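This is what each chain is made of:
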Amino acid sequence: MTTFLSASTLQGHEDCPRLQTAIDLRTVKKEQTPAMAAGLWRHKVIEAAIGLGLPVTREAMGQAIATVPAPADVEDQAMEDSRNGLLALADRPDLFPRQDQVLSVEGSDLPKALSCVLYGRTMFAVPLNPEITLRGAMDLVYLAEDTLFIPDWKGSGGEYPWARRVYLWAASEIWPGFARYVFPCVYVTGGCRVDSHEATPDQLSAIQADLLVMAQTIQARRVRGFGDPTPNRWCGDCPIQADCPAYGQQVTALTTMEPSALPADISALADDALLGWHRDLSRAMKLAAGFGERIKAEIKERLGAGKALPGAKVVTASGGYSYPSMEELLLWADKFELKHDLVVQAATEAGLKKAVAKLVDNDRRALCLADLDKIRAPKRRIERLVMTGVADE
């Protein structure tokens, strides 16, 4: 059976083999993020503008922006950045070819698995070996003298090493014989910065070897059913972070930061250092908050199953607090070596609420209750232990 791989799948395995293997095996669904929706919209706008004629003009780009429906789940500022970036791209004629430079594949002897269009994306499926086929979409392909260009439109930054390898090698297989193959990565919302990579025929064999090693590694992970976790910048949005040891290690590292590692005087920080701290701390807060929510959910689930967890507070369905039963009081008396007769006597003489207060007075560790005066007396049978702490609403 043929294994089909794309540049995004290869990059996913580079970023985090654990998550991407789960996506490949369909145990986790890959949801479209707002950033992905904005990127897809930018591609459609550029395709529409190219379809109006090359090189692309500012008027054509504006018409395409107005024509292509904008995604609904992207923030206004992100969409504004995309529009401004696209208009700036139209002001860079050096980033687009002339009409006569675009490769037309009509009538060529290309594999039947390959379907191409003159404008916009060129869909390809190129065998890497008899078992593995690479497929994807090239935004545009054009020729300048003896060099083949395969530009790709990206957002504001990031590195795309596997897209570079896939497109350079696939282009050399589809259109062989050129002296150079160039992959310009154009960051549309990043000031139209261009990060170009090229390969000569001699370098393409090394690229093919890299692709083959990664592809075979992916096949092995799929057979095994899992990949090893790798912490990366996307961890905060990962759908399987709750059970990920690498993610937990990041949170642990954040919670054990020494105060001396923080800047003593924020006002003395240079602009780039200030923004750097903001970026790092924002990521740290996002990581900790995401993991904290999952921990709280797990605590509530265990409490709902009748477990008593030190440091947690039970909230009933009606929004009120529940109170300890006699059995639970005796359980805690055993845990902290309190005498049963004192517990029973306190509960009998003063009721369970005051019994809790008495136990707290005797040993602060026992129940760790706070604000007892704010807790109303229960009007129903006591079911669970009340504790304060991490599960607060």
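Residues numbered from 1 in each chain as written. Predicted model: local features only at pLDDT ≥ 70, side-chain atom pairs only at ≥ 80, totals over all residues. Heavy atoms only, no water.

**Quick word on the overall build of the protein**
The helix and strand inventory of the protein stands at 11 helices and 8 strands. Considering the protein as a whole, with its 393 residues, one finds that 40% of them fall into the buried category. Partitioning the contacts of the protein with sequence separation of at least 6, the portion at a separation of at least 24 is 64%. Surface exposure of the protein reaches about 22300 Å², of which carbon and sulfur atoms provide 53%. (Helix = DSSP H or I, 4+ residues; strand = E, 2+ residues; numbered from the N terminus. Buried < 20%, exposed > 50% of the residue type's maximum accessible area, 1.4 Å probe, protein only. Contact = heavy atoms within 4.5 Å. Areas by Shrake-Rupley, 256 points an atom, 1.4 Å probe, with all protein chains shown as cover.)

**Description of unusual backbone geometry**
For residues other than glycine, phi is negative in most cases, and the peptide bonds are mostly trans. A cis amide bond, omega -5°, links Leu-54 with the succeeding residue Pro-55. Even without being glycine, Glu-145 reaches a positive phi, approximately 60°. As for its placement among the helices and strands, Glu-145 is situated in the loop between β4 (142-144) and β5 (147-149). The backbone phi angle of Cys-192 is positive, close to 55°, even though this residue is not glycine. Counting through the fold element by element, Cys-192 comes out in the loop between β7 (180-187) and β8 (193-199).

**A few points about the pairing of strand β2 (residues 122-127)**
Here 6 bridges tie β2 to strand β3 (residues 132-138), and the two strands are oriented antiparallel to one another. Residue pairing in the sheet places Pro-127 in a bridge with Thr-133 of β3. (Pairing = 2+ DSSP bridges.)

**Considering the sheet that holds β2**
Spatial strand order, β1-β3-β2: 3 strands in an open sheet with mixed pairing. Across the chains shown, the open sheet's two edge strands, defined by having one partner strand only, are β1 (3-5) and β2. The average undirected angle you get between the axes of adjacent strands in this sheet is 25°. The pairing of β1 with β3 spans 3 bridges and is parallel. Bridged to Thr-3 within β3 is Ile-132. Seen against the sheet, helix α6 (residues 161-174) touches β2 and β3 and runs at an angle of roughly 85° to β2. (Axes fitted to C-alpha atoms, helices over the stretch in contact; angles between N-to-C directions.)

**As for helix α1 (residues 7-15)**
Within α1 the residues assigned to the buried category are Ala-7, Thr-9, Leu-10, Gln-11, Gly-12 and His-13. Looking at the packing, one finds that the buried side of α1 touches β1, α2 (17-24), β3, α6 and α7 (201-224).

**Some words on the pairing of β3**
When you tally the buried positions in β3, you get 5 out of 7 residues, the bulk of the element. Remark: 4 residues form the turn of the hairpin made by β2 and β3, two consecutive strands paired antiparallel.

**Concerning the confidence of the model for the protein**
Chain-level statistics for the protein give a pLDDT mean of 74 and a share of 64% at 70 or above. Mean pLDDT values over the elements of the protein span from 50, in helix α11 (residues 340-362), up to 95, in helix α4 (residues 58-67). In this model, residues 106-119 is a region of pLDDT below 50 whose contacts with residues beyond four sequence positions or in other chains number 20 contacts. Across residues 311-323, where pLDDT falls below 50, the model places 42 contacts with residues more than four positions away in sequence or in other chains. (pLDDT = per-residue confidence, 0-100.)

**What to know about the packing of aromatic side chains**
Here the structure, examined in full by the defined rule, presents 5 aromatic pairs. A centroid spacing of 6.1 Å and a plane angle of 80° characterise the contact between Phe-178 and Tyr-181, whose relative ring orientation is edge-to-face. Residue classification places Tyr-181 among the buried residues on the basis of a relative accessible area of 1%. Taken together, Phe-124, Tyr-167 and Phe-183 form an aromatic cluster joined through their ring pairs. We note Arg-165 situated over the ring of Trp-162; from NZ or CZ to the ring centre the distance is 4.2 Å. The ring of Phe-226 is capped by Arg-224, whose NZ or CZ atom sits 4.7 Å from the centre of that ring. (Phe/Tyr/Trp six-rings, centres within 6.5 Å; stacked < 30°, edge-to-face > 60°. Lys NZ or Arg CZ within 6 Å of the ring centre and 35° of its normal.)

**Some remarks on the pattern of salt bridges**
Tallied over the full model, the rule gives 8 salt bridges. Here Arg-58 makes a salt bridge to Asp-91, at a shortest N to O gap of 2.6 Å. With Arg-58 in helix α4 and Asp-91 in the loop between α5 (76-90) and β2, this residue pair connects regions lying 33 residues apart in the sequence. Its relative accessible area of 45% is what places Asp-91 among the partly exposed residues. A salt bridge links Lys-154 to Asp-152; the shortest N-O distance between them is 3.0 Å. Here the two residues Lys-154 and Asp-152 agree in accessibility, since each one is buried. (Salt bridge = Lys/Arg side-chain N within 4 Å of Asp/Glu carboxyl O.)

**A short note on α4**
Three or four residues apart is the spacing at which side chains of an α-helix point the same way, because the helix has 3.6 residues per turn. Residues of α4 that are buried: Ala-60, Met-61, Ala-64 and Ile-65. Projected onto a plane normal to the axis of α4, the buried residues spread over an arc of 140° and lie on a single side. Across from the buried face of α4, at angles greater than 90 degrees, the exposed residues are Glu-59, Ala-66 and Thr-67. Buried residues in α4 make contact with α3 (34-51) and α5. (Arc of directions from axis to C-beta.)

**Points about the packing of α3 against α5**
Running from amino to carboxyl end, α3 crosses α5 at an angle of 30°, the nearest separation of the two axes being 11 Å. Viewed along their axes, α3 and α5 adopt a mutual orientation that is roughly parallel. Along this stretch, α3 crosses α5, giving a crossing that reads as right-handed. Facing α3, whose interface residues are Ala-38, Trp-41, Arg-42, Val-45 and Ile-46, α5 presents Met-79, Ser-82, Arg-83, Leu-86 and Leu-89. When the residues that make up the contact of α3 with α5 are grouped by side-chain class, the tally is 7 nonpolar, 1 polar and 2 charged. (Parallel < 35°, antiparallel > 145°, perpendicular 65-115°, else oblique. Left-handed = near helix turned anticlockwise from the far one by under 90°. Nonpolar A, V, L, I, M, F, W, Y, C, P; charged D, E, K, R; others polar.)

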